[in-house]
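Each chain, letter by letter, is given below.
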Amino acid sequence: MNMVQRIALVLVIIGAINWGLVGLFNYDLVAGIFGNGSQAAAFPRIIYSLVGLAGLVSISALFLERKEVEEATTTKA
């Protein structure tokens, strides 16, 4: 797994945690941290966009051969 895929995975995990909080508690962590007012609305949108792009990059992990995944986790651990 290369560095871009690792960063994408971290962003996807952050996005999943955020969606879990929205679904369970109606709390948007990203908006809570970075503000959801009209002046500060650009930064959360950037974070949401990065998480979305990370999801697209992570699609490639579905097509990795199992052997490649096992080698990546054992050799670079």
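Labelled according to an unreviewed UniProt entry, the protein chain appears under the name DUF378 domain-containing protein, originating from Terribacillus saccharophilus.

Within the secondary structure, Leu29 sits in helix H2 (residues 29-34). Given a relative accessible area of 31%, Leu29 falls into the partly exposed group. Residues Leu29 and Asn18, 11 residues apart in the sequence, show an inter-C-alpha distance of 5.8 Å. Ignoring sequence-local partners within four residues, the contact set of Leu29 consists of Asn18 and Leu21.

Rules used in this analysis
- Residues numbered from 1 in each chain as written.
- Predicted model: local features only at pLDDT ≥ 70, side-chain atom pairs only at ≥ 80, totals over all residues.
- Heavy atoms only, no water.
- Helix = DSSP H or I, 4+ residues; strand = E, 2+ residues; numbered from the N terminus.
- Buried < 20%, exposed > 50% of the residue type's maximum accessible area, 1.4 Å probe, protein only.
- Contact = heavy atoms within 4.5 Å.

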